[in-house]
Amino acid sequence: VQPEEDVEQIVLDLVQRTIREMGSLIIPSCAVERLQTLMYILWKLYRENRIPNIPIFIDSPMGNNVLSVFEQFPDWHKLSLQEYRAMCGHFNIIAYYRDTWKTIDDPRPKVVIAGSGMVTGGRVLTYLKQMVDAPATTVLLVGYQAEGTRGRQLLEGAHEIKLFGKYVPVK
(Lines give C-alpha, C1' and ligand atoms only; values in the text may rest on other atoms or scores of the structure.)
Protein backbone atom coordinates (compact mmCIF):
# COMPACT_ATOMS: atom_id res chain seq x y z
CA VAL A 1 0.00 0.00 0.00
CA GLN A 2 1.38 3.37 -1.04
CA PRO A 3 1.10 6.20 1.49
CA GLU A 4 -1.17 9.01 0.40
CA GLU A 5 0.91 11.69 -1.28
CA ASP A 6 -0.06 15.28 -1.91
CA VAL A 7 0.26 15.06 -5.68
CA GLU A 8 -0.61 18.70 -6.26
CA GLN A 9 2.12 19.82 -3.84
CA ILE A 10 4.69 17.51 -5.46
CA VAL A 11 3.85 18.85 -8.93
CA LEU A 12 3.83 22.44 -7.63
CA ASP A 13 7.27 22.01 -6.02
CA LEU A 14 8.74 20.41 -9.15
CA VAL A 15 7.35 23.10 -11.48
CA GLN A 16 8.75 25.83 -9.23
CA ARG A 17 12.15 24.09 -9.16
CA THR A 18 12.07 23.67 -12.95
CA ILE A 19 11.48 27.40 -13.38
CA ARG A 20 14.14 28.32 -10.80
CA GLU A 21 16.74 26.07 -12.48
CA MET A 22 15.66 27.00 -16.04
CA GLY A 23 15.22 23.28 -16.67
CA SER A 24 12.72 20.75 -17.93
CA LEU A 25 10.27 18.55 -16.06
CA ILE A 26 9.69 15.37 -18.04
CA ILE A 27 6.71 13.25 -17.03
CA PRO A 28 6.45 9.85 -18.71
CA SER A 29 2.76 8.93 -18.74
CA CYS A 30 0.36 6.41 -20.15
CA ALA A 31 -2.09 7.96 -22.60
CA VAL A 32 -5.43 6.99 -21.08
CA GLU A 33 -6.71 8.74 -17.95
CA ARG A 34 -3.31 9.33 -16.30
CA LEU A 35 -2.37 11.91 -18.96
CA GLN A 36 -5.71 13.67 -18.60
CA THR A 37 -5.40 13.63 -14.79
CA LEU A 38 -1.95 15.24 -15.02
CA MET A 39 -3.33 17.85 -17.39
CA TYR A 40 -6.12 18.63 -14.96
CA ILE A 41 -3.72 18.97 -12.00
CA LEU A 42 -1.42 21.32 -13.93
CA TRP A 43 -4.34 23.34 -15.29
CA LYS A 44 -5.89 23.60 -11.82
CA LEU A 45 -2.59 24.82 -10.32
CA TYR A 46 -2.33 27.42 -13.09
CA ARG A 47 -5.97 28.50 -12.77
CA GLU A 48 -5.52 28.95 -9.00
CA ASN A 49 -2.39 31.09 -9.65
CA ARG A 50 -0.18 28.55 -7.88
CA ILE A 51 2.08 28.09 -10.91
CA PRO A 52 2.87 30.62 -13.64
CA ASN A 53 2.12 30.11 -17.31
CA ILE A 54 5.07 27.78 -17.94
CA PRO A 55 4.96 26.07 -21.35
CA ILE A 56 3.49 22.58 -21.00
CA PHE A 57 3.81 20.17 -23.91
CA ILE A 58 1.69 17.06 -24.39
CA ASP A 59 3.56 14.72 -26.74
CA SER A 60 1.54 11.55 -26.99
CA PRO A 61 -0.23 10.64 -30.24
CA MET A 62 -2.47 8.13 -28.45
CA GLY A 63 -3.09 10.64 -25.67
CA ASN A 64 -4.19 13.19 -28.27
CA ASN A 65 -6.68 10.67 -29.63
CA VAL A 66 -7.98 10.08 -26.11
CA LEU A 67 -8.45 13.83 -25.67
CA SER A 68 -10.78 13.91 -28.67
CA VAL A 69 -12.72 10.94 -27.26
CA PHE A 70 -13.07 12.76 -23.92
CA GLU A 71 -14.41 15.77 -25.83
CA GLN A 72 -16.90 13.61 -27.73
CA PHE A 73 -18.18 11.98 -24.54
CA PRO A 74 -18.29 14.63 -21.79
CA ASP A 75 -20.44 12.35 -19.60
CA TRP A 76 -17.33 10.21 -19.07
CA HIS A 77 -15.70 12.88 -16.91
CA LYS A 78 -16.63 15.59 -14.43
CA LEU A 79 -15.66 18.70 -16.41
CA SER A 80 -18.13 20.67 -18.44
CA LEU A 81 -17.32 20.79 -22.15
CA GLN A 82 -16.42 24.48 -21.77
CA GLU A 83 -14.04 23.71 -18.87
CA TYR A 84 -12.56 20.77 -20.76
CA ARG A 85 -11.86 22.89 -23.85
CA ALA A 86 -10.34 25.65 -21.71
CA MET A 87 -8.08 23.10 -20.04
CA CYS A 88 -6.96 21.58 -23.36
CA GLY A 89 -6.34 25.06 -24.78
CA HIS A 90 -3.81 25.71 -22.01
CA PHE A 91 -1.45 23.03 -23.34
CA ASN A 92 0.79 22.75 -26.38
CA ILE A 93 -0.46 19.56 -27.99
CA ILE A 94 2.22 18.03 -30.21
CA ALA A 95 0.96 16.14 -33.23
CA TYR A 96 4.08 15.64 -35.33
CA TYR A 97 7.42 14.10 -34.41
CA ARG A 98 9.28 17.09 -35.90
CA ASP A 99 7.64 19.21 -33.20
CA THR A 100 9.17 16.93 -30.56
CA TRP A 101 12.54 18.26 -31.68
CA LYS A 102 11.32 21.88 -31.61
CA THR A 103 10.21 21.27 -28.02
CA ILE A 104 13.59 19.81 -27.07
CA ASP A 105 15.34 22.82 -28.62
CA ASP A 106 13.02 25.31 -26.85
CA PRO A 107 15.33 26.94 -24.24
CA ARG A 108 12.52 28.01 -21.90
CA PRO A 109 11.78 26.12 -18.68
CA LYS A 110 9.06 23.66 -19.59
CA VAL A 111 6.98 20.65 -18.63
CA VAL A 112 6.75 17.74 -21.08
CA ILE A 113 4.29 14.89 -20.68
CA ALA A 114 5.02 12.08 -23.13
CA GLY A 115 4.39 8.35 -23.48
CA SER A 116 5.18 5.77 -22.36
CA GLY A 117 4.54 5.66 -18.64
CA MET A 118 7.17 3.00 -17.85
CA VAL A 119 9.67 4.53 -20.32
CA THR A 120 9.56 1.41 -22.50
CA GLY A 121 8.84 3.20 -25.77
CA GLY A 122 7.18 6.26 -27.21
CA ARG A 123 8.31 9.83 -27.60
CA VAL A 124 9.50 10.15 -24.01
CA LEU A 125 12.59 8.19 -25.09
CA THR A 126 13.62 11.01 -27.45
CA TYR A 127 13.26 13.61 -24.68
CA LEU A 128 15.25 11.53 -22.24
CA LYS A 129 17.99 10.78 -24.80
CA GLN A 130 18.46 14.51 -25.37
CA MET A 131 17.80 15.86 -21.87
CA VAL A 132 18.29 13.33 -19.05
CA ASP A 133 22.00 14.13 -18.82
CA ALA A 134 21.26 17.77 -17.92
CA PRO A 135 21.31 18.47 -14.16
CA ALA A 136 18.32 20.85 -14.55
CA THR A 137 16.14 18.05 -15.98
CA THR A 138 13.78 16.32 -13.57
CA VAL A 139 11.89 13.13 -14.39
CA LEU A 140 8.64 12.62 -12.47
CA LEU A 141 7.43 9.01 -12.49
CA VAL A 142 3.68 8.98 -11.92
CA GLY A 143 2.70 5.34 -12.13
CA TYR A 144 3.75 1.81 -11.41
CA GLN A 145 7.18 0.94 -12.79
CA ALA A 146 7.45 -2.76 -13.59
CA GLU A 147 10.66 -4.65 -12.97
CA GLY A 148 12.97 -4.59 -15.97
CA THR A 149 11.69 -1.27 -17.36
CA ARG A 150 13.69 1.93 -17.76
CA GLY A 151 11.15 3.57 -15.48
CA ARG A 152 12.09 1.14 -12.70
CA GLN A 153 15.78 1.80 -13.35
CA LEU A 154 15.18 5.54 -12.96
CA LEU A 155 13.06 4.97 -9.87
CA GLU A 156 15.88 2.96 -8.31
CA GLY A 157 18.41 5.75 -9.01
CA ALA A 158 20.25 4.43 -12.08
CA HIS A 159 23.23 6.59 -13.05
CA GLU A 160 22.75 5.68 -16.71
CA ILE A 161 20.04 4.16 -18.89
CA LYS A 162 20.16 2.60 -22.33
CA LEU A 163 18.30 4.59 -24.97
CA PHE A 164 18.38 3.77 -28.68
CA GLY A 165 21.27 1.33 -28.15
CA LYS A 166 23.54 3.71 -26.22
CA TYR A 167 24.01 4.32 -22.52
CA VAL A 168 23.11 7.87 -21.49
CA PRO A 169 24.18 9.35 -18.13
CA VAL A 170 21.36 10.31 -15.77
CA LYS A 171 22.16 13.47 -13.84
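In the block above lies the structure referred to throughout.
Heads up: these notes are all about the structure in this document. (Residues numbered from 1 in each chain as written. Predicted model: local features only at pLDDT ≥ 70, side-chain atom pairs only at ≥ 80, totals over all residues. Heavy atoms only, no water.)

On a plain count of helices and strands, the protein comes out with 7 helices and 7 strands. N-terminal to C-terminal, the α/β element order of the protein is α-β-α-β-α-α-β-α-β-α-β-α-β-β. Relative to the globule expectation of 16 Å for 171 residues, the C-alpha radius of gyration of the protein, 16 Å, shows essentially globular dimensions. Buried positions account for 46% of the 171 residues belonging to the protein. Across the protein, the fraction of contacts at a sequence separation of at least 24, relative to all contacts at a separation of at least 6, is 71%. For the protein, the exposed area adds up to about 9400 Å²; of that, 52% sits on carbon and sulfur atoms. Here the protein contributes 19 positive and 19 negative side-chain charges, whose respective centroids are spaced 6 Å apart. (Helix = DSSP H or I, 4+ residues; strand = E, 2+ residues; numbered from the N terminus. Rg over C-alpha atoms; globule rule 2.2 N^0.38 Å. Buried < 20%, exposed > 50% of the residue type's maximum accessible area, 1.4 Å probe, protein only. Contact = heavy atoms within 4.5 Å. Areas by Shrake-Rupley, 256 points an atom, 1.4 Å probe, with all protein chains shown as cover. Lys, Arg positive; Asp, Glu negative; His and termini not counted. Charge placed at Lys NZ, Arg CZ, Asp CG, Glu CD.)

Our next topic: helix α6 (residues 124-131). Of all 8 residues in α6, 6 are buried, a share of seventy percent or more. Taken residue by residue, α6 has Val124, Leu125, Thr126, Tyr127, Leu128 and Met131 as its buried positions.

On to the environment of Gly165, then. Here Gly165 is to be found in the loop between β6 (160-163) and β7 (166-169). Residues Gly165 and Gly122, 43 residues apart in the sequence, show an inter-C-alpha distance of 15 Å.

Under the defined criterion, the tally for this structure stands at 0 disulfides. Here Cys88 is not disulfide-linked; the sulfur of Cys30 is the nearest cysteine sulfur, at 16 Å. (Disulfide = S-S within 2.5 Å.)

Helix packing geometry: the angle between the two helix axes and the distance between the axes. Relative orientation of the contacting elements helix α2 (residues 34-47) and helix α4 (residues 81-89) amounts to 90°, with a least axis distance of 10 Å. Our classification of the angle between α2 and α4 gives roughly perpendicular. Between α2 and α4, the residues in contact are Met39, Tyr40, Trp43 and Arg47 and Glu83, Ala86, Met87 and Cys88, respectively. (Axes fitted to C-alpha atoms, helices over the stretch in contact; angles between N-to-C directions. Parallel < 35°, antiparallel > 145°, perpendicular 65-115°, else oblique.)

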